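# Fold and geometry: a report
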Amino acid sequence: MKRITAILLSLAVMCGAAHAETHYKPHISVGGRVGVSLSKMDFSPGVKQGWLQGTAGAVTFRYTEEKLFGLIAEFGWEQRGWKENFEEANDLFSYSRTLTYLRLPVMTHIYFGSPRFKGFVNLGPEVGYMIGDKISSNFNYEFPGDVEGFPPNRMVSQMSMDISNKFDYGIAAGIGCEFYVQPRHSITFEARLYYGLGNIYPAKKADVFSASRCMSIEATIGYNFRLK
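Sequence order sets the numbering: in each chain, residues are counted from 1 along the sequence as written. Confidence filtering applies because this is a predicted model: local features only for residues at pLDDT of at least 70, side-chain atom pairs given and counted only at 80 or more, and all residues used for totals across whole chains, interfaces and linings. Side-chain descriptors were evaluated using all non-hydrogen atoms of the structure, hydrogens and water having been removed beforehand.

### A look at the overall build of the protein chain
This is how it is decided: Put simply, DSSP H or I for four residues or longer makes a helix, DSSP E for two residues or longer makes a strand, and each gets a number counted from the N terminus. Working rule for contacts: check all heavy atoms of both residues, and any pair within 4.5 Å makes them a contact. Computed with the Shrake-Rupley method and a 1.4 Å probe, the accessible areas treat only the protein chains shown as cover for residues.
From N to C terminus, the protein chain includes two helices and nine strands. Of the contacts formed within the protein chain by residues at least 6 apart in sequence, a portion of 71% connects residues at least 24 apart. Carbon and sulfur atoms form 64% of the exposed surface of the protein chain, whose accessible area is close to 13,100 Å².

### Things to note about the layout of surface pockets
Inclusion rule: A cavity, in this analysis, means grid points on a 1 Å lattice covering only the protein atoms where a 1.4 Å probe fits yet has no way out; a pocket is instead an open set bounded by protein on both sides within 12 Å along at least five of seven lines, and a residue lines either one if it has an atom within 4 Å of a point. Grid points are joined across faces, edges and corners, and a volume is the space filled by probe spheres set on the points. Each residue receives one of three labels: charged for Asp, Glu, Lys and Arg, nonpolar for Ala, Val, Leu, Ile, Met, Phe, Trp, Tyr, Cys and Pro, and polar for the others, Gly being one of them.
In this structure, the largest pocket encloses a volume near 540 Å³. Lining the largest pocket we find 28 residues, and of these His-27, Tyr-111, Pro-115, Lys-118 and Tyr-180 sit closest to its centre. For the lining of the largest pocket, the elements supplying multiple residues, two or more each, are strand S1 (27–44), strand S3 (52–64), strand S5 (95–113), strand S7 (167–182), strand S8 (185–196) and strand S9 (211–226). Here the residues of the lining of the largest pocket are counted per class, giving eight nonpolar, 10 polar and 10 charged.

### Side note on the pairing of strand S4 (residues 69–84)
Just so we agree on the cut-off: Criterion used throughout: strands pair if DSSP finds at least two bridges between them.
Relative to S4, strand S2 (residues 49–50) runs antiparallel, the two sharing two bridges. Along S4, the bridge assignment pairs Gln-49 with Glu-84. Bridge count between S3 and S4: nine bridges; the pairing is antiparallel. The residue bridging Thr-60 from the neighbouring strand is Glu-74, located in S4. Where S4 and S5 come together, 13 bridges link them in antiparallel fashion. The partner of Gly-76 across the bridge, within S5, is Arg-103.

### Digging into the environment of Ile-175
Under the convention used in this document: Classification of residues uses two cut-offs on accessible area relative to the type maximum, computed with a 1.4 Å probe and protein chains only: under 20% is buried, over 50% is exposed, and between them is partly exposed.
The topology assignment puts Ile-175 in strand S7. With a relative accessible area of 57%, Ile-175 lands in the exposed category. Measuring from C-alpha to C-alpha, the distance between Ile-175 and Ala-191 comes to 5.6 Å, with 16 residues separating the pair along the chain.

### Here's the deal with the nonpolar core
Inside soluble globular proteins, nonpolar side chains tend to come together where they are buried. Stated formally: Working definition of a nonpolar core: buried Ala, Val, Leu, Ile, Met, Phe, Trp, Tyr and Cys residues. They are joined through side-chain atoms within 4.5 Å.
Phe-139 and Ile-200 are the most contacted members of the largest nonpolar core, which has 20 residues in total. At the level of secondary structure, the elements contributing two or more residues to this core comprise S1 and S5. No other element matches S5, which puts three residues into this core.

What follows is the structure, encoded as C-alpha cells:
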C-alpha cells in the first residue's frame, strides 16, 4: 500500500510539473486598426465591373490563453460595393455604388514567432449591417437606354435597384504580422479577405439576380495595447 501511495504521489508531482511547464498566462489586448478596402460584387448574371476603393477600420479586443491560439472580436466599418466597367465605351461613362457597413467579426487567432515579432492568421464568421448607400454617376443611370452612346446589351438593373437586404453575413480570413515595440505595445499589419453569403437584392427564381454578394480585400495597420 505504501508503494502504491508513493507511486501515486510521484505521478501527481510529475503531472503538476508538466502542467506548470505547459500552462500559459492569458493575455488581453485592446486596440484598433484602419486602412483601405477594395471591393466587388458577385453578381449572377454577371456585371461588368472593377474594384471599388473605400475605407475600413475597427476597434479590436483580443484574448489569448494558449501558446499559439486566441480569439479576436472587432466592431468597425467597411465601405463595400462596386464600380462599373465601361471599357467598351472608352470609359466615357462612370458609375459606382458605395455601401457602408457596420460589422462584427469574431475570429480564431493563430500566431507564431518570437516575443518581438509574430506572424498570424485570423479566420472566422462576420455579420454586418448596411448604414449607407451612395451612388456616383455621370449619366442618368435610372434610364440608361435614353443616354446617347450608352453601350448596348449590358446588364443595367443593378444600377437603380433599391437594396432589399441590409443585413449581411459571411466569412473573413486574414494574414499579417505583429511587431512589439514594447512588451505591452505592438503594431500590426494585416491583409484580409471577406466573402459575403447574403444577397443585397432579392434572389428568388423570378428575380433579376440569383446572387448579389459582397466581397472585399482590405489592408490595414493597427495598434494593440496589452491590458493583462
